[in-house]
Amino acid sequence: MRYLKIPRLFKTFKSHFAKTNDKNLKKKLFYNIINFMKKYKVVTYGCQMNEHESEKLGGILEARGYEKCLSDEEADVIVFNTCCVRENAEQHAYGNIGALKGLKKKKKSLIIAVGGCMTQQKGAAEKLRSTFPFVDIVFGTDNLGDFGALLDRAVESGKHFAEITENDTVTEGLPFRRNSYPNAWVNVMYGCNNFCTYCIVPYVRGRERSRKPEDVIAEVKSLVAEGYKEITLLGQNVNSYGKDLEEKTDFAELLAAVAEIDGKFRIRFMSNHPKDFNEKLIDVIKKYDKICNCVHLPVQSGSDRILKLMNRHYTAEDYLSKIKLLRDKIPSCAVTSDIMVGFPTETEEDFQATLDVVKKADYSGAFTFVYSRRSGTVADKMDGQIDDETKKDRIMRLVELQNSVNRAQSPAYNGKTVEILCEDFDEKKGYYLGRDEYGKMVYFKHGENVVGKFVNIKITEAKSISLYGDFINVQE
Ligand code: SAH
Ligand code: SF4
Ligand code: F3S
């Protein structure tokens, strides 16, 4: 198949290369020729931020003529975009990188690169290089923009490279290879200043850096013009957006400016920090139909004692009163959360306080985590680490409670007509799928491809996590 590209590429090369004086275009054409048979694979771990950064890696590789593939054997470049928020994410990456040793032995030209949060930890680059001497490139989250140059150097010289710098930049203008049409992620800021005592993110992602409002707005405008229908604004704590900018602004203003952009599309945003989530933002969510009535507001724990030890700067009562304010103003608003069990010294009573918040908050969904010790964090040095058995027991009870909350919410959907954005077709199930504005997954059958369209679906079967329904019509 790949050879079929040869005549087309040479034709493009000949006609464009001779004519153009544009250096960038010449470079791109040149890369297309030298890499015309080459393929890449990006393996991503972690949060949406990382998924989005993998789209940038894909963009950099495709600008060099590489083509995306899904198997290790086919690939000429394999990039691991790693996560270290919990131990199992790291183990997973280590296992998968190690598994490539044999392939690299057989195929010497294969370039293996490791980037992402894991490499940004103290001593991690050295550890990676000594554990996996066959890895060619190690790069940090702040060196993503230099990945193309590192790759060129590794290909040209056959030597290994490592580049890890402190996270302190905001790089604009990198190409993307977006993977999630009709949805698109847009960074509004990088880094985190909160230093929750359990969390490694501030150490590996550096201090908060906001993008300029005009850059965010320009990116959203061009995405909408390209036909993207759902934009998710991303930051570790979007509520502190703008604090570092010269121009006085905040997230509520940015969100309103994005919602003023013409066109039919939805807006989501994450994550919010309860300490900074405020009425001004709630009023913006209420004012604009484009902004989904769905707020991700991670509580972490329901115990005031544990919240203090976590350095979260709110109590369970503060938290619940923010949800009350949100629902007083927008009664239908869905709330989702991140919840952790097994933080050092957590007692059964503390855990019961978490269960109590889960009951009161009536979350439409929650990501639940077992606390994982992260070297270099304050909580890692705390006495009173909880044993695995107790953690396991608590996470099971927490998940069961959240499931029962969802089961109780579902019947209200029966017979209702909901507007969903069709995101994909599930080949195995034979159903189209998409989410309503509250984030609920809806499955339906239809004869035509409606991916990327807003459609009305009448719900016929409401399960706890997902809904099934009949297609009614496409919205214009
Ligand atoms: N900045 C976002 C996301 C942070 S990472 C926020 O604050 O909401 C996503 C989630 O991972 C966190 O909300 C937290 O629940 C969980 N997490 C972070 N560090 C963890 C650790 N050491 N062990 C277990 N879960 C952790
Ligand atoms: Fe981690 Fe807390 Fe920052 Fe979220 S807000 S990234 S949990 S330190
Ligand atoms: Fe995300 Fe994991 Fe890094 S959660 S910010 S990829 S440590």
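Located above this text is the structure these notes cover.
Structure report, in brief. (Residues numbered from 1 in each chain as written. Chains lettered and ligands numbered in written order. Predicted model: local features only at pLDDT ≥ 70, side-chain atom pairs only at ≥ 80, totals over all residues. Heavy atoms only, no water.)

Points about the overall build of the protein chain
Then step 1. Looking only at helices and strands, one finds 15 helices and 19 strands in the protein chain.
Then step 2. Counting only C-alpha atoms and orienting by the principal axes, one finds that the protein chain spans roughly 65 × 60 × 50 Å.
Then step 3. A burial count over the protein chain gives 53% of its 476 residues as buried.
Then step 4. For the protein chain, contacts bridging at least 24 residues in sequence account for 73% of all contacts bridging at least 6. (Helix = DSSP H or I, 4+ residues; strand = E, 2+ residues; numbered from the N terminus. Buried < 20%, exposed > 50% of the residue type's maximum accessible area, 1.4 Å probe, protein only. Contact = heavy atoms within 4.5 Å.)

Observations concerning the environment of Asp 22
Then step 1. Here Asp 22 shows up in the loop between α1 (5–19) and α2 (23–34).
Then step 2. Measuring from C-alpha to C-alpha, the distance between Asp 22 and Gly 439 comes to 45 Å, with 417 residues separating the pair along the chain.

Points about the site of ligand 3
Then step 1. As a matter of local geometry, ligand 3 sits amid Cys 47, Asn 50, Cys 83, Cys 84, Val 85, Cys 117, Arg 205 and Gln 236.
Then step 2. Here the residues of the shell around ligand 3 sort into five nonpolar, two polar and one charged. (Near = heavy atom within 4 Å. Nonpolar A, V, L, I, M, F, W, Y, C, P; charged D, E, K, R; others polar.)

A few points about the sheet that holds strand β1 (residues 39–44)
Then step 1. Spatially, β2-β1-β3-β4-β5-β6 is the arrangement adopted by the six strands of the open sheet, whose pairing is parallel. The sheet is open, and its two edges are formed by β2 (67–68) and β6 (161–163), each paired on a single side.
Then step 2. For β1 and strand β3 (residues 77–82), the ladder comprises five bridges, and the chain directions are parallel. Bridge pairing in β3 links Val 43 to Phe 80.
Then step 3. Across the sheet, helix α3 (residues 48–63) touches β1, β2, β3 and β5 (137–139), and the angle it forms with β1 is around 170°. (Pairing = 2+ DSSP bridges. Axes fitted to C-alpha atoms, helices over the stretch in contact; angles between N-to-C directions.)

Focus on the pattern of salt bridges
Then step 1. By the definition in use, this model includes 32 salt bridges.
Then step 2. Between Lys 360 and Asp 356 there is a salt bridge, and its shortest N-O distance comes to 2.8 Å. With Lys 360 and Asp 356 both in helix α14 (residues 348–361) and four residues apart, this pair spans about one turn of that helix.
Then step 3. Classification of Lys 360 by relative accessible area gives exposed; the value is 52%.
Then step 4. In this structure, Arg 407 and Glu 400 form a salt bridge, with 3.0 Å as the shortest nitrogen-oxygen distance.
Then step 5. Residue Arg 407 is classed as partly exposed on the basis of its relative accessible area, which comes to 43%.
Then step 6. For Glu 400, a relative accessible area of 42% corresponds to the partly exposed category.
Then step 7. One network of salt bridges, in which partners are shared, links Glu 55, Glu 172, Arg 178, Arg 211 and Glu 219. (Salt bridge = Lys/Arg side-chain N within 4 Å of Asp/Glu carboxyl O.)

Regarding the site of ligand 2
Then step 1. Around ligand 2, the surrounding shell consists of Cys 192, Asn 194, Phe 195, Cys 196, Tyr 198, Cys 199, Val 201, Pro 202, Gln 236, His 273 and Arg 312.
Then step 2. Residue composition of the shell around ligand 2, by class: seven nonpolar, three polar and one charged.

Here's the deal with the pairing of strand β17 (residues 441–445)
Then step 1. Both strand β16 (residues 431–435) and β17 contribute to a ladder of four bridges, which runs antiparallel. Opposite Leu 433, over in β17, you have Tyr 443 as the bridge partner.
Then step 2. From the end of β16 to the start of β17, which pair antiparallel, there are five residues, and Gly 439 there has a positive phi angle of about 90°.
Then step 3. One ladder, built from five bridges, connects β17 with strand β19 (residues 466–474); its direction is parallel. Opposite Tyr 443, over in β19, you have Tyr 468 as the bridge partner.

Some points on the packing of helix α11 (residues 279–287) against helix α13 (residues 316–329)
Packed helices, taken two at a time, are described by their axes: the angle between them and the distance between them.
Then step 1. One can describe the packing of α11 onto α13 by two numbers: an axis separation of 10 Å at closest approach and a directional angle of 30°. One finds that α11 runs roughly parallel with respect to α13. Here the hand of the crossing between α11 and α13 comes out right-handed. Contacts between α11 and α13 involve Glu 279, Ile 282, Asp 283 and Lys 286 from the former and Lys 322, Leu 325, Leu 326 and Lys 329 from the latter.
Then step 2. Considering only residue class, the contact of α11 with α13 consists of three nonpolar, no polar and five charged. (Parallel < 35°, antiparallel > 145°, perpendicular 65-115°, else oblique. Left-handed = near helix turned anticlockwise from the far one by under 90°.)

Side note on the packing of aromatic side chains
Then step 1. A full pass over the atoms with the stated rule returns 15 aromatic pairs.
Then step 2. The interplanar angle of 70° and the centroid separation of 5.5 Å between the aromatic rings of Tyr 181 and Tyr 228 together place this pair among those described as edge-to-face. Placement of the pair is Tyr 181 in the loop between β6 and β7 (183–187) and Tyr 228 in the loop between α9 (213–226) and β10 (230–234), with a sequence separation of 47 residues.
Then step 3. What makes Tyr 228 buried here is its relative accessible area of 10%.
Then step 4. Taken together, a centroid distance of 5.8 Å and an interplanar angle of 25° make the contact between Tyr 432 and Phe 444 stacked. Residue Tyr 432 is located in strand β16, and its partner Phe 444 is located in strand β17; the two are separated by 12 residues in the primary sequence. (Phe/Tyr/Trp six-rings, centres within 6.5 Å; stacked < 30°, edge-to-face > 60°.)

Digging into the environment of Cys 333
Then step 1. The residue Cys 333 is located in the loop between α13 and β13 (334–341) in this model.
Then step 2. Along the sequence, Cys 333 and Glu 437 sit 104 residues apart, while their C-alpha atoms lie 9.5 Å from each other.
Then step 3. Those residues in contact with Cys 333 that lie beyond four places of it in its chain are Asn 293, Cys 294, Val 295, Leu 326 and Arg 327.

Some points on the nonpolar core
Then step 1. Residues Val 220, Leu 233, Phe 251, Leu 255, Phe 269 and Tyr 363 are the most contacted members of the largest nonpolar core, which totals 69 residues.
Then step 2. The greatest single-element share of this core, amounting to seven residues, is contributed by helix α10 (residues 251–259).
Then step 3. Core analysis: the next-biggest nonpolar cluster, separate from the first, contains 27 residues, Tyr 45, Cys 84, Leu 110 and Ile 200 among them. (Core = buried A, V, L, I, M, F, W, Y, C linked by side-chain atoms within 4.5 Å.)

Comments concerning the sheet that holds β7
Then step 1. Strands sit in the order β7-β10-β11 across an open sheet of three strands; the sheet is parallel. Looking at which strands have only one partner, the edges of the open sheet turn out to be β7 and β11 (266–270). Strand-to-strand twist across the sheet, computed as the mean angle between neighbouring axes with direction ignored, equals 25°.
Then step 2. Taken together, the five bridges between β10 and β11 define a ladder with parallel strand orientation. Each residue of the ladder has a partner; that of Leu 233, found in β11, is Phe 269.
Then step 3. Packing against the sheet, α3 makes contact with β7, β10 and β11, and its axis sits at approximately 100° to β7.

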